[in-house]
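Take a look at the letters that make up each chain.
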Amino acid sequence: MPKSPTPDTDSTAVDSDGDRKRASSSSASSSSDSLSLDSPRPSRGGSPTSLSSITSTSTVSSDRLDSFFRTVCGRQLNTMNTTYFLPSDEAEIKRMDQEHRMLRFILGGKSYVGPVGEVLASSKFPDRRVLDCGTGSGQWCIELAEEFPKTQVIGVDLAPIQPREVPPNCSFELFDLDGQQLPFPDSFFDVIHCRSIYMGIRNYPLFLRECARVLRKNGLIILAEADSTPMTDNKRPMAYSEAPGWSTLWEEYRRGLYKLGVDVTIPTRLRSMLQEIPSLKDNVVAQEALVPIGFWPKDPLLLTIGQLSWMNQDNLIPSVIPQLCAVNGLSEKEAKKLVENAQKELYYPNVRPYSCWHIAHARKSNNVR
């Protein structure tokens, strides 16, 4: 398995006493946005299946819902993408919402980085549109639709798990983003948001090229992914001897992704991959946030983030059991034991665990042909 290269971002870090440090951001342009931990403000191919009203469509009716799911080790998974092994059930929806809430605190009360408002306000198109790739529970779409009521917000996912009652300018569609052309015409969206999706995409550069194709001139693309490498204070890779159960679980998870054809270094290379796209390369901003997993931070905001991060990890660990069994070849008993050992070290850590979130955004050049 390839080792993670040096990340191509600067960081928002937390020191050993749990105090905040201001992040710097790297940009290929003269302007950039800081990722800060400031005070919180509370079927492959073809067209997508519409989910604007799940029960009122003929394509996703209640008697067809079961066809979108399969069961692996007692968890409900999607049937559209056999690479993505995280569940699509109530427990996972709860975890997604916890992660979303955590990221809002990290991003200073917003659910995005970059000049989203500016891009939408300056759009020359009367039909302003936003695409959320891998929308999951749909919470990001709903909040953005409420914030920008004159903008059409479309969420795309692998399974119909989104709410039925949403703002009138919010809709959901079923589509597999992996390895194929996005089902939208050129220059269709003003903003594209992609978060926590690389685990189901085997050709991420192709996916980014497709995003650039459907993005309008001066449009904004936002990427956010968490590195699965176990870390401790000052972003130091966690030694196996410090947390053998925690380290083993994540090494097995990464090994499974590698077997599925997923590049586990993608989170650390978001900036460089955006810079490989001619229409985006001159306007890239990349940042990262080193997020505590636990209850030790002294700063009240970081303590809240640490608590939410801990809850997210506690629910994420059992969610990898289907992959450990179906891909890594472990028995369900072996997978559960691996999870149990990792959770023990989450509950009673010998070292402080962290996760590193990599976030990048770029605007499409107005001069592209």
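This text gives an overview of the structure that appears in the document. (Residues numbered from 1 in each chain as written. Predicted model: local features only at pLDDT ≥ 70, side-chain atom pairs only at ≥ 80, totals over all residues. Heavy atoms only, no water.)

## Regarding the packing of aromatic side chains
Part 1 of the reasoning: The tally for this structure, following the rule as stated, stands at nine aromatic pairs.
Part 2 of the reasoning: Relative to F188, the ring of F184 lies with its centre 5.9 Å away and its plane at 20 degrees, an arrangement referred to as stacked.
Part 3 of the reasoning: For F184, a relative accessible area of 8% translates into the label buried.
Part 4 of the reasoning: On the accessibility criterion, F188 (18% relative accessible area) is buried.
Part 5 of the reasoning: On the numbers, 5.1 Å between centres and 85 degrees between planes, the contact of F188 with F189 is edge-to-face.
Part 6 of the reasoning: By relative accessible area, F189 is classed as buried at 0%.
Part 7 of the reasoning: The structure contains a cluster of three or more aromatic residues connected by ring pairs, namely F184, F188 and F189.
Part 8 of the reasoning: When the ring centre of F85 is taken as origin, the NZ or CZ atom of R70, which lies over that ring, is 5.1 Å away. (Phe/Tyr/Trp six-rings, centres within 6.5 Å; stacked < 30°, edge-to-face > 60°. Buried < 20%, exposed > 50% of the residue type's maximum accessible area, 1.4 Å probe, protein only. Lys NZ or Arg CZ within 6 Å of the ring centre and 35° of its normal.)

## Brief notes about the nonpolar core
Part 1 of the reasoning: Ranked by size, the top nonpolar core spans 75 residues in total, and within it I192, Y204, F207 and I221 carry the most contacts.
Part 2 of the reasoning: Of all the elements, helix α4 (residues 204-214) adds the most residues to this core, at six residues.
Part 3 of the reasoning: Sequence-distant contacts of I192, defined by excluding residues within four places in its chain, comprise L131, C133, C211, V214, L215, L220, I221 and I222.
Part 4 of the reasoning: Counting 32 residues, the second largest nonpolar core, distinct from the first, contains V130, V191, A224 and V291. (Core = buried A, V, L, I, M, F, W, Y, C linked by side-chain atoms within 4.5 Å. Helix = DSSP H or I, 4+ residues; strand = E, 2+ residues; numbered from the N terminus. Contact = heavy atoms within 4.5 Å.)

## Focus on the pattern of salt bridges
Part 1 of the reasoning: This structure, assessed with the given rule, holds 21 salt bridges.
Part 2 of the reasoning: For the salt bridge of E92 with R95, the shortest nitrogen-to-oxygen distance reads 2.8 Å. Residue E92 and its partner R95 are both found in helix α1 (residues 90-106); the two are separated by three residues, about one turn of the helix. Each member of the pair, E92 together with R95, is buried.
Part 3 of the reasoning: With a closest N to O distance of 3.0 Å, E118 and R363 form a salt bridge. Within this pair, whereas E118 is found in helix α2 (residues 116-122), its partner R363 is found in strand β13 (residues 354-363), the two being separated by 245 residues in sequence.
Part 4 of the reasoning: Each member of the salt-bridge network shares a partner with another, and the members are D127, R129, D190 and R216. (Salt bridge = Lys/Arg side-chain N within 4 Å of Asp/Glu carboxyl O.)

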